[in-house]
Amino acid sequence: MASYIDPLIAFVSAHAWLAYLTIFLAALLEAVPIVGSVIPGSTIILALSALVPGGELRLEWVLAAATAGALLGDGSAFWVGHRSQHEILSSWPMSNYPRVVAQSATFFDRRGALAVFFARFVPPIRAFVPITAGALGMPPLRFYAVNIAAILLWAPAHILPGVLAVSALDRAGGMAGLEVTAKHYWMPLVIGGALIVALAIWAIRRRHGGTAIEPATAPVRKDG
């Protein structure tokens, strides 16, 4: 296992800025409608967080990259929806995913600002709620206030677990005399776990006729 991970660690050590850019893009693309539902941004961020305890990456820069990417992604999606209003929800490529759009609209209609907050933690709705909130007329100041608060919690929630777990496992491994550090196990486990979840979601979608998201039945409120 170490033979596969060591080249990655060596590369990141020599080109840390590429790792920060990857984290930034992972967080950014997760917020893009359609694209965000297939990009494993959270998996990438959680896996790379394993490189913080060993010094390959700095915690403050990892947090900054993830936060900046999420802010830019969510903020841009909201602004596109705000400028286009309802038209964007029935235009391509959103028109190809009517059930997801309907689910996002219903979620926003029922929860309002709380939908913006909680959607940041729930894929694939996360990729649709910001643009939906803008299209349905949520005031920009209200959206950005709630969204920024959510992202400031989301970023540490995706980064600190890996940092703390690898640090704790490294200490335990050092006491046990193990030569391979925890990051050699953490990164494959995170990626493997994400693949298992993806396969489970795919199986559920197949069982429900191609989608796990049901169409909305409640009326959509226009005042946000």
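Refer to the structure presented above.
Computed from a predicted structure; not experimentally measured.

Caption draft 1: Looking closely at the overall build of the protein chain. Within the protein chain, the secondary structure is distributed over nine helices and zero strands. In sequence order, the secondary structure elements of the protein chain are arranged as α-α-α-α-α-α-α-α-α. At a minimum sequence separation of 6, the contacts of the protein chain that also span at least 24 residues come to 79%. For the protein chain, the accessible surface area stands at approximately 11700 Å², while carbon and sulfur atoms represent 69% of it.

Caption draft 2: A look at the nonpolar core. Counting 28 residues, the largest nonpolar core has Ile23, Ile45, Leu51, Leu57, Val62, Ala66 and Trp154 as the members making the most contacts within it. Within the residue set of this core, elements represented by two or more residues are helix H1 (2–14), helix H2 (16–30), helix H3 (41–48), helix H4 (59–84), helix H8 (140–176) and helix H9 (183–207). In terms of residue count, the dominant contributor to this core is H8 (six residues). Setting aside chain neighbours within four positions, we find Ile45 in contact with Ile23, Ala26, Ala27, Ala66, Trp154, His158 and Ile159. Grouped together as the second largest cluster of nonpolar side chains are 25 residues, Phe78, Ile125, Val129 and Ile131 included.

Caption draft 3: Spotlight on the side chain of Ser42. Within the secondary structure, Ser42 sits in helix H3. At 3.5 Å, the side chain of Ser42 forms a polar contact with the side chain of Arg126. Apart from residues lying up to four places away in sequence, Ser42 is in contact with Glu30, Arg126, Trp154 and His158.

Caption draft 4: Structural context of the environment of Met187. Looking at where Met187 falls in the secondary structure, it is placed in helix H9. For Met187, a relative accessible area of 3% gives the class buried. A sequence separation of 21 residues divides Met187 from Val166, and the C-alpha atoms of the two residues are 9.8 Å apart.

Caption draft 5: Inspection of the packing of aromatic side chains at higher detail. With the rule as written, the count across this model stands at five aromatic pairs. Measuring from centroid to centroid gives 5.3 Å for Phe143 and Tyr144, while their planes differ by 75 degrees, and the two rings are edge-to-face. Judged by its relative accessible area of 27%, Tyr144 falls in the partly exposed class. Through a chain of ring-to-ring contacts, three or more aromatic side chains come together here, namely Phe78, Phe143 and Tyr144.

Caption draft 6: Layout of the pattern of salt bridges. Scanning the entire structure with this criterion turns up three salt bridges. A salt bridge links Arg58 to Glu60; the shortest N-O distance between them is 2.6 Å. Note on Glu60: relative accessible area 41%, which makes it partly exposed. Among the salt bridges present, the one from Arg120 reaches Asp74, with a minimum N-O distance of 2.8 Å. Of this pair, Arg120 sits in the loop between helix H6 (113–119) and helix H7 (129–135) while Asp74 sits in helix H4; the two residues are 46 residues apart in sequence, bridging distant segments of the chain. In this structure Asp74 comes out as buried when scored by relative accessible area, which is 1%.

Caption draft 7: The arrangement of a nonpolar patch on the surface in detail. A cluster of nonpolar side chains, Trp17, Leu21, Leu25, Leu29 and Val35, forms an exposed patch at the surface whose accessible area comes to about 420 Å². Here Leu21 shows up in helix H2. Since its relative accessible area comes to 37%, Leu21 is described here as partly exposed.

Caption draft 8: Highlighting helix H5 (residues 98–111). The end-to-end C-alpha separation of H5 is 20 Å, in line with the 20 Å expected for 14 residues at 1.5 Å each. All of the buried residues in H5 are Val100, Val101, Ala102, Ser104, Ala105, Thr106, Phe108 and Asp109. Tucked inside the fold, the buried residues of H5 contact H6 and H7. Downstream of H5 by a residue or two, Gly112 has a phi angle that is positive, lying close to 60 degrees.

Each value, and the rule that gives it
- Residues numbered from 1 in each chain as written.
- Predicted model: local features only at pLDDT ≥ 70, side-chain atom pairs only at ≥ 80, totals over all residues.
- Heavy atoms only, no water.
- Helix = DSSP H or I, 4+ residues; strand = E, 2+ residues; numbered from the N terminus.
- Contact = heavy atoms within 4.5 Å.
- Areas by Shrake-Rupley, 256 points an atom, 1.4 Å probe, with all protein chains shown as cover.
- Core = buried A, V, L, I, M, F, W, Y, C linked by side-chain atoms within 4.5 Å.
- Buried < 20%, exposed > 50% of the residue type's maximum accessible area, 1.4 Å probe, protein only.
- Polar contact = N/O pair within 3.5 Å; in protein donor to acceptor, adjacent residues only side chain to side chain.
- Phe/Tyr/Trp six-rings, centres within 6.5 Å; stacked < 30°, edge-to-face > 60°.
- Salt bridge = Lys/Arg side-chain N within 4 Å of Asp/Glu carboxyl O.
- Patch = residues over 30% accessible without salt bridge, like charges linked within 9 Å, V, L, I, M, F, W, Y side chains within 5 Å.
- Expected span 1.5 Å × (residues − 1).

Geometric descriptors of this kind do not, in isolation, establish any biological role.
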